[in-house]
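Residue-level structure breakdown
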Amino acid sequence: QVQLVESGGGLVQAGGSLSLSCVASGRTGGTSMAWFRQAPGKEREFVAAINWSGGKSYYADSVKGRFTISRGNSKNILYLAMNSLKPEDTAVYCCAASMAGDYDSPHSYGYWGQGTQVTVSS
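Nothing here was measured: the structure is a model prediction, and the numbers come from that model.

1. Considering the environment of Leu 18
By the element assignment, Leu 18 lies in strand β3 (residues 18-26). A residue is classified by how much of its surface remains accessible, and Leu 18, at 15% relative accessible area, is buried. Separated by 63 residues in the primary sequence, Leu 18 and Ala 81 place their C-alpha atoms 6.3 Å from one another. Ignoring anything within four residues of it in the chain, the contact list for Leu 18 reads Gly 8, Gly 10, Val 12, Leu 80, Ala 81, Met 82, Leu 85 and Val 118.

2. Topic: the environment of Ser 7
Note that Ser 7 resides in strand β1 (residues 2-7). On a C-alpha basis, the gap between Ser 7 and Phe 46 in space is 18 Å, while along the polypeptide they are 39 residues apart. Apart from the residues lying within four places of it in its own chain, the contact partners of Ser 7 are Ser 19, Leu 20, Ser 21 and Thr 116.

Procedures and definitions
- Residues numbered from 1 in each chain as written.
- Predicted model: local features only at pLDDT ≥ 70, side-chain atom pairs only at ≥ 80, totals over all residues.
- Heavy atoms only, no water.
- Helix = DSSP H or I, 4+ residues; strand = E, 2+ residues; numbered from the N terminus.
- Buried < 20%, exposed > 50% of the residue type's maximum accessible area, 1.4 Å probe, protein only.
- Contact = heavy atoms within 4.5 Å.

Below, the structure is given as structure tokens:
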């Protein structure tokens, strides 16, 4: 079992920055991790993913160049640094772990956190 707890969400003005964290506990060895987001009335959307070592990362086109995903040295902490935020980035952001399949598909991940709200005002 893997437990994931996100933190760091909040309200920020457009153009601002926020950093999200996700602490994983349990059997996290060797797992890829990712961030997804879901806005009201919309489907869950891939944001970014990173492999176990942290050597490979992937981004949705909508956040490329603005967001950075990373893992802590202990590998059980996942980060998402978000810069140049836009109102369309407003969503609940969830971290996910244990990938088997396509890195950008929510169906590929077996464990999910509860999510943290990010609101970007215009």
